[in-house]
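Chain residues, written in single-letter form:
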Amino acid sequence: MRQTIIAGNWKLNGTRPEAEALLGELLPLLSPNANTKVIVCPTFTALESVATLLEGSPIALGGQDLFWKTKGAYTGQISAPLLRDLGCTYVIVGHSERRGRFGVPEPDFDATILAYFGDSDTTVNRKLRAALAGGLIPICCVGETLAERQAGSTDSVVGAQTTAALAGVSVEEVQTLIFAYEPVWAIGTGEVCAADEADRVCGVVRQTVANLYGSDVAETVHVQYGGSVNAGNAKDLLAKPNIDGALVGGASLKAKDFATIVAAAP
Ligand code: PGA
């Protein structure tokens, strides 16, 4: 039986004191069942202080992104070894906000500056492989935009992103991976994907892995759902057979809500 993996993506929120306060409130509320893994992904600057607070707890630490080079003249970047050094064991790669695919139009969004960060299928694959090589478990995000959904291309977009992310990944490595199906239109919008549809598309991710590596291998891969998961809808989503957890943004910044999501794991 696969674990349920609930990860909180704090995005660009939290000075060190704010992160410490959130965690201080959260830790006493969390009592995950034996089959549930909890991960928090704070800002880079808060990683060390959060790591200190997590010592001795079963809650794991993750980064929100990484660069694929391990060191060198790459101003502003963070690498797998640096994340490991701070106590991370997980890292998010290919989040739609890094791919420049937004559910809510951003007023200062400018495609000429590479959509803020410019992650592509190719760089997501490099990041994923760098994470694996550096001993981190990647949480690899895939998902369609509203326009792609309306055009009926959800499955092909999600399948193509999944396939591209896995280029050069060995059969041993793929079994450690976490995917997060995050429909772009559901992220930060309050508009959650219906549980049956989320389950179906998580199944598309799994089937894509099965096509590449075989169905036994695909059964070991974790596929989370992400996009407006909250205390009210988590139970329905997490009860679905192909949904192995949640990647939670906004609701992970509210201790009580995040704890309720964790408690909703089957
Ligand atoms: P949300 O974000 O829960 O605020 O929709 C999810 C995510 O971006 O991972």
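What you see is a predicted model, and the numbers here were worked out from it, not measured in a lab. (Residues numbered from 1 in each chain as written. Predicted model: local features only at pLDDT ≥ 70, side-chain atom pairs only at ≥ 80, totals over all residues. Heavy atoms only, no water.)

*Asks:* Explain the packing of aromatic side chains to me, and be specific about the residues and the numbers.
*Replies:* Overall, the coordinates contain 3 aromatic pairs when judged by the stated rule. Both rings, one in Phe 67 and one in Tyr 74, keep their centres 5.2 Å apart while their planes meet at 55°; by these two values the pair is tilted. For Phe 67, a relative accessible area of 13% corresponds to the buried category. Among the aromatic residues, those joined into a ring-pair cluster are Phe 67, Trp 68 and Tyr 74. For the cation-ring pair, Arg 98 lies above Phe 117, with the distance from its terminal atom to the ring centre recorded as 4.0 Å. (Phe/Tyr/Trp six-rings, centres within 6.5 Å; stacked < 30°, edge-to-face > 60°. Buried < 20%, exposed > 50% of the residue type's maximum accessible area, 1.4 Å probe, protein only. Lys NZ or Arg CZ within 6 Å of the ring centre and 35° of its normal.)

*Asks:* Please give an account of the side chain of His 222 that cites residues and values.
*Replies:* Take His 222: it is sitting in strand 7 (residues 222-226). At a separation of 3.1 Å, a polar atom in the side chain of His 222 contacts the main-chain amide nitrogen of Gln 3. Ignoring anything within four residues of it in the chain, the contact list for His 222 reads Arg 2, Gln 3, Ile 5, Leu 177, Ile 178, Phe 179 and Asp 244. (Helix = DSSP H or I, 4+ residues; strand = E, 2+ residues; numbered from the N terminus. Polar contact = N/O pair within 3.5 Å; in protein donor to acceptor, adjacent residues only side chain to side chain. Contact = heavy atoms within 4.5 Å.)

*Asks:* Which residues make up the site of the ligand, and what values do they have?
*Replies:* By nearness alone, 13 residues border the ligand, and Lys 11, His 95, Glu 182, Gly 188 and Ser 228 come closest of all. Within the side chain of His 95, one N or O atom sits 2.6 Å away from an oxygen atom of the ligand. Glu 182 places a side-chain nitrogen or oxygen 2.7 Å from an oxygen atom of the ligand. For the ligand, the protein covers 95% of the area, taking 280 Å² as the surface of the free molecule. When grouped by side-chain class, the residues that make up the shell around the ligand number 4 nonpolar, 7 polar and 2 charged. (Near = heavy atom within 4 Å. Areas by Shrake-Rupley, 256 points an atom, 1.4 Å probe, with all protein chains shown as cover. Nonpolar A, V, L, I, M, F, W, Y, C, P; charged D, E, K, R; others polar.)

*Asks:* Describe the sheet that holds strand 6 (residues 178-181), with residues and values.
*Replies:* Read around the closed barrel, the 8 strands follow the order 1-2-3-4-5-6-7-8; overall the barrel is parallel. Recorded for the sheet is a direction-independent mean angle of 25° between the axes of neighbouring strands. Bridge count for strand 1 (residues 4-9) against strand 2 (residues 36-41) is 6 bridges, and the pairing is parallel. Considered in strand 2, the bridge of Ala 7 is made with Ile 39. Lying on the sheet, helix 9 (residues 195-213) is in contact with strand 5 (137-142), strand 6 and strand 7; it crosses strand 7 at an angle near 145°. (Pairing = 2+ DSSP bridges. Axes fitted to C-alpha atoms, helices over the stretch in contact; angles between N-to-C directions.)

*Asks:* Give a description of the packing of helix 1 (residues 16-26) against helix 12 (residues 255-263) that names residues and reports values.
*Replies:* Between helix 1 and helix 12, the shortest axis-to-axis distance is 9 Å and the interhelical angle comes to 45°. Here helix 1 lies oblique to helix 12, going by the angle between them. For helix 1 against helix 12, the interelement crossing comes out right-handed. Between helix 1, through Leu 22, Glu 25 and Leu 26, and helix 12, the contact on the second element is made entirely by Ala 255, Phe 258 and Ala 259. Broken down by class, the residue content of the contact of helix 1 with helix 12 amounts to 5 nonpolar, no polar and 1 charged. (Parallel < 35°, antiparallel > 145°, perpendicular 65-115°, else oblique. Left-handed = near helix turned anticlockwise from the far one by under 90°.)

*Asks:* I'd like to hear about the pattern of salt bridges, residue by residue, with values.
*Replies:* If you walk through the whole model with that rule in mind, you get 13 salt bridges. Here Arg 200 makes a salt bridge to Glu 197, at a shortest N to O gap of 2.9 Å. Separated by 3 residues within a single helix, Arg 200 and Glu 197 lie in helix 9, roughly one turn from each other. Judged by its relative accessible area of 38%, Arg 200 falls in the partly exposed class. Here the salt bridges do not stand alone but share partners, grouping Glu 144, Arg 149, Asp 155, Glu 197 and Arg 200 into one network. (Salt bridge = Lys/Arg side-chain N within 4 Å of Asp/Glu carboxyl O.)

*Asks:* Please provide a residue-by-residue account of helix 5 (residues 121-133), values included.
*Replies:* Compared with an ideal rise of 1.5 Å per residue, which puts 13 residues at 18 Å, helix 5 spans 18 Å between its outermost C-alpha atoms and is within 8% of the ideal. Burial in helix 5 covers these residues: Thr 123, Val 124, Asn 125, Lys 127, Leu 128, Ala 130, Ala 131 and Leu 132. Lining the buried residues of helix 5 we find helix 3 (80-85), strand 4 (90-93), helix 4 (96-99), strand 5, helix 7 (154-165) and helix 8 (171-174). Backbone geometry just downstream of helix 5 places Gly 135 in the positive-phi region, at approximately 80°. (Expected span 1.5 Å × (residues − 1).)

Shape descriptors only; they carry no functional weight alone.
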